[in-house]
Every structure is written in C-alpha cells, then in structure tokens.
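Spelled out from the first residue to the last, the chains are:
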Amino acid sequence: MDQHLGLRERKKQRTRETISNTAIALFIEHGFDPVSITQVADAAEVSRRTLFSYFPAKEDLVVHRFADHEDESARVVRTRPADQTPLDALRANFLDGLRRHDPITGISDNPEVIAIYELILDTPALYARIVRFFENSERMLVAALRETDDLPELTARLIAAQISAVQRTLALDNFRRAVAGTTAADAYPDALAAAELGFNQLRDGLG
C-alpha cells in the first residue's frame, strides 16, 4: 500500500481491497453467477451502497485486479524514448511482462490468479467485461498516439486496433494455457514465440 496516501485514502484502499478479495474468494468457491452482490456485501461487512460506490458493476469486482493495466499501453507510448517507435515500445513492454510472469499477460503460477482466469473464461459476463477492458485500453492508446505522434484520428485508431487485438489475443491464449494446467515455465516458450510472431506481423504490415 502506498505510504504517501493520506489516512482517509488508505482506509478507502483497504476497504476496496477487502471487498474485492472477499468477492473473488466467494466466486472461486461458488461460481460467479450464484453469488449475489448482497452476499458479497454481507461477507465483506459493508452495505450494498458502499460496495457499489467502489465497484459499479458485479463484474468489476473481478476485473478490478487488472485495473492498473488499463492505461498501460498509453503510458508506455507516452514515456518511451524519443528514438523508439510506439510499436517497438509496446512490443518490449509485452515481452518484459511475459518474462516477469505479469498476470495481465496470462503467464502465472499463482493459484488465485489462475482461478480468476478460469472465472473470466467460463463466465460470459466476465469475458465480455475483460473484452471491454481491452477496448478501454485501446481508446486510451489512440489518445496517446495522437498526442505523442501527432497522428490523424483514423490512423491512430487503426494502429491502436491492430496492436490491441494482438495483445488481447496473446493474453487470452495464455489465460487458456494456465487454466489447462500449463506452468508458467512451460508456457513461456510458446507464449514468447506467439508474441514475437504477432508483433513481427504488425511490424511487417501483415504481409
């Protein structure tokens, strides 16, 4: 937890984490659909109103775990070295995430993370929400490309759409490997090869 946050903000962050942790534990044990918002609120010892103030939708209780990554592509583009293209910066960032077994890339040995992958893949509402997460990330990337590279809107949208599609496809394929029981160490070579293929195709114009 960030030590620079004020007391009130730290308390809000603890409450948010408690609600999310409680919800995910219930979803993993009983499934996403059978567990109600009221059950989550009761188990977390908060009111429904408080829960919804932190998580506007039930699906957000799960996808919240990836929230820090929603603007990641945009941040990478904005903070890249001046001599590096957006594509090269995003490629390097994704490959680094694979090496670090960052959960957003789908490479993990953490049982809870793998259980979250399974929830997402097996629950239509959660799958739709993670797709919307990637779409939000794509919109942020469009804004970053226009800001840093002075690109026309359509050009930025087309670039962002292609890059985001590759990132989403790679991550979801890795989710499936993890859920199937493939360890992070065993998954990494295939995940790396797939990432190299995907980004090479983008670089070469899908020719």
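Model, not experiment: these values are computed from the prediction. (Residues numbered from 1 in each chain as written. Predicted model: local features only at pLDDT ≥ 70, side-chain atom pairs only at ≥ 80, totals over all residues. Heavy atoms only, no water.)

(A) A look at the packing of aromatic side chains. Summed over the entire model, instances satisfying the criterion amount to 6 aromatic pairs. Relative to Phe134, the ring of Phe133 has its centre 5.5 Å away and its plane inclined at 85°; by these criteria the two rings are edge-to-face. For the pair Phe133 and Phe134, one class covers both residues: buried. An aromatic cluster of three or more residues is present, and its members are Phe66, Tyr117, Phe133, Phe134 and Phe175. (Phe/Tyr/Trp six-rings, centres within 6.5 Å; stacked < 30°, edge-to-face > 60°. Buried < 20%, exposed > 50% of the residue type's maximum accessible area, 1.4 Å probe, protein only.)

(B) Highlighting helix 7 (residues 111–122). If you check helix 7, its first and last C-alpha atoms are 16 Å apart, about what 12 residues at 1.5 Å a residue would give, namely 16 Å. Listed in full, the buried residues belonging to helix 7 are Val113, Ile114, Ala115, Ile116, Tyr117, Leu119 and Ile120. Measuring from the side-chain oxygen of the N-cap residue of helix 7 to the backbone nitrogen of Glu112 gives 2.8 Å; that N-cap residue is Asn110. (Helix = DSSP H or I, 4+ residues; strand = E, 2+ residues; numbered from the N terminus. Expected span 1.5 Å × (residues − 1). Polar contact = N/O pair within 3.5 Å; in protein donor to acceptor, adjacent residues only side chain to side chain.)

(C) A look at the environment of Pro124. Looking at the element boundaries, Pro124 is found in helix 8 (residues 124–149). Overall, the relative accessible area of 62% leaves Pro124 in the exposed class. Through-space distance from the C-alpha of Pro124 to that of Asp33 is 9.9 Å; in sequence the pair is 91 residues apart.

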